Amino acid sequence: MALVEAVAVKKELFLCLLIWINALTLGQGRQNWKNHYPFIQQASSFSSSSDSSSSSAASSGGGKAYDYIIVGGGTAGCPLAATLSQNFSVLLLERGGVPFANYNVSHMKTFHLTLADISPSSASQVFISTDGVLNSRARVLGGGSSINAGFYTRASTSYVRKAGWDARLVNESYPWIEKQIVHQPNLVPWQRAVRDGLLEVGVSPFNGFTYDHLYGTKVGGTIFDKFGRRHTAAELLASSNPEKLSVLVHATVQKIVFDTKVKKPRAVGVIFKDEQGNQHTAYISKRRGSEIIVSSGAIGSPQMLLLSGIGPKADLKKLNISMVLDNEFVGKGMSDNPMNTVFIPSNRPVEQSLIQIVGITKKGVYIEASSGFGQSQDSIQCHHGILSAEIGQLSTIPPKQRTKEAIQAYTRSKKDLPYEAFMGGFILEKIANPISKGDLSLVNTNVDDNPSVTFNYFSHPYDLQRCVDGIRMVEKLVSSKHFANLTQFNKQTNEKLLNMSVKANVNLIPKHTNDTKSLEQFCKDTVITIWHYHGGCHVGKVVNHDYKVLGVHRLRVIDGSTFTESPGTNPQATLMMLGRYMGVKILRGRLGRSAGM
């Protein structure tokens, strides 16, 4: 008995020590990032001398004015700000906080907890499309690179050509990112099995470790280092000129201010609120070339244009928004790459991993995998809010019956399950370039609220057929001899496996269990997002090829809202590249060779 008590005491002391070390590390982390990024401040620190109630004060020389104001410190916004600051004054406004010293953001093992956090201070903001699919948008410096699965892979050469980009500058911009924050992953057994299984079922050749988008199976890059620590786009700000860059966090831009007294509306500033709810106005200078650049993502950028009076006339009128420019295409043509997952149980504990391997097929289907995120006591016994398995289980019953009591009952029953039942991983299949399109519209004029978004998953039959092809490929993959040693899977359990995935899948779409012989139905029932949504400010419809907003002066949009297709298998590499690329292009356009870029 004394021995048991001694062990318990030692265990308690060890846990206390661990908590103390974590707290100390977190505190040091908070201090270190402030030393490295002294230009990052709270929004409330914005100088009152910069505030003004009218554009006349800025135009007459009163208050500070910037060469560039960037709305959104995300995946594209951070490298853009760092680059422009080499020669010009830049104000970067980010509605979220910093990723540094945020434990859930900074470590791969807590990746799922950030997405499950639905509190107002979370780095991710949950939204639910009208399709019934749960989704997230970033609310943190670094944007999606602070909350994603970390996979890094470039766009294809055909994508670059189709986008009309300068291939030479593209090939200079990608390495600028890679040298700072990208790593080669150490493959865990689950990922090695996926690699070998893909080759066995014919997703070949094996292209080794490469950033390039090539048909076959490859190992891609990752923004997680060998210790499992995340490196985000926010770290690219270290390459800025600190004398010319100001970054304000918890700065929520409410609208863009225009001078409409001229023949063509001209952007002159932005109105934003700080973390205390106080309102400020920041202006760009009158110097030729000064601009406001919206980089708020595929949800935030069309939302910002609409709130600022650029969009379909009828939609703006409904919400009494003063129209600056009638453009019917703002918020239209939204796409999200549908993803379906199959849970594969393992016969042993599985090391945690996010995406390291990808199979790129000529059918327009990408196969990826993750592992080990369902086998902890935390995952089984804790309620993770709207993104937890309880919601997935309850989606098998009508919405009105999804009561709080029903959720609590399922939570209690889940605690009785042995954690071994959760050992394993997921095989993910994603549809490239979906033909199905949707749209985005405002529900009110509060920028903090999500707009209404519809993606119309699988509304086009070709998308559905590709999903079926992908699920069949997953079935072959997990039946391969290379996977057999890791899993409890056999051909007889195939239907049970799909049924398990239907029940466990987390979305709000009514389920059809025991109907897994219809893979079309399985695809529709279990569709989720891989967070690669895009569109809403397309080139040629909302912006031109230099990303300048059509019909107004001094305003650009530079982010994934301008994409008609999601680049590569995962877009973050190209979004960061685009920020760097456009920053260099803008500097060269203004300064020529003297830009030194």
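Residues numbered from 1 in each chain as written. Predicted model: local features only at pLDDT ≥ 70, side-chain atom pairs only at ≥ 80, totals over all residues. Heavy atoms only, no water.

*Asks:* I keep staring at the pairing of strand S23 (residues 438-441) and nothing clicks. Help me out?
*Replies:* Looking along a regular strand, one sees side chains alternate from face to face of the sheet. Here S23 shows a clear split, with Gly-438 and Leu-440 buried on one side and none of Asp-439 and Ser-441 buried on the other. Alignment of S23 against strand S24 (residues 452-454), held across three bridges, turns out to be antiparallel. Counterpart to Leu-440 in the pairing with S24 is Val-453. (Buried < 20%, exposed > 50% of the residue type's maximum accessible area, 1.4 Å probe, protein only. Helix = DSSP H or I, 4+ residues; strand = E, 2+ residues; numbered from the N terminus. Pairing = 2+ DSSP bridges.)

*Asks:* I'm lost on the pattern of salt bridges in this one. Help?
*Replies:* Side-chain pairs of opposite charge can arise whenever the charged atoms involved come near each other. Within this structure, the stated rule accounts for twelve salt bridges. The residue Arg-556 makes a salt bridge to Glu-291 at a minimum N-O spacing of 2.8 Å. Here the residue Arg-556 occupies a position in strand S26 (residues 555-557), and Glu-291 occupies one in strand S15 (residues 291-294), the gap between them amounting to 265 residues. Residue Glu-291 is classed as buried on the basis of its relative accessible area of 7%. Residues joined by salt bridges that share partners form a network here, namely Arg-168, Glu-172 and Arg-588. (Salt bridge = Lys/Arg side-chain N within 4 Å of Asp/Glu carboxyl O.)

*Asks:* Would you take a moment to explain unusual backbone geometry for this structure?
*Replies:* Most peptide bonds adopt trans geometry, and most residues besides glycine take a negative phi value. The omega torsion of the bond from Ser-204 to Pro-205 falls at 5°, within 30 degrees of zero and hence cis. Mapping Pro-205 onto the fold places it in the loop between helix H8 (189-200) and strand S8 (206-209). Located in the positive-phi region is Asn-320, a residue other than glycine, with phi close to 55°. Tracing the backbone shows Asn-320 in the loop between helix H10 (313-318) and strand S17 (325-326). Taking relative accessible area as the criterion, Asn-320 reaches 72% and is therefore assigned exposed.

*Asks:* How should the sheet that holds S8 be read in this particular structure?
*Replies:* The strands that make up a sheet pair up through hydrogen bonds in the backbone, lying either parallel or antiparallel. Pairing is mixed across the open sheet formed by seven strands, whose spatial order is S8-S9-S20-S21-S22-S19-S25. The sheet is open, and its two borders are formed by S8 and strand S25 (528-529), each paired with just one other strand. Note: S8 against strand S9 (residues 216-219), two bridges, orientation parallel. By the bridge assignment, Phe-206 is partnered in S9 with Thr-217. Against the sheet, helix H14 (residues 461-479) contacts strand S19 (338-345), strand S21 (365-371) and strand S22 (424-431), and its axis sits at roughly 150° relative to S22. (Contact = heavy atoms within 4.5 Å. Axes fitted to C-alpha atoms, helices over the stretch in contact; angles between N-to-C directions.)

*Asks:* What exactly am I supposed to notice about the sheet that holds S24 here?
*Replies:* One open sheet accounts for three strands, arranged S18-S23-S24; its pairing is antiparallel. A single partner strand is all that each edge strand has here, and the edge strands are strand S18 (332-334) and S24. The sheet shows a mean angle of 35° between the axes of neighbouring strands, direction not considered. Pairing analysis gives two bridges linking S18 to S23, with the strands arranged antiparallel. Within the sheet, the bridge partner assigned to Met-334 lies in S23 and is Gly-438. Across the sheet, helix H9 (residues 297-307) lies against S18, S23 and S24, angled at about 50° from S23, the strand it touches most.

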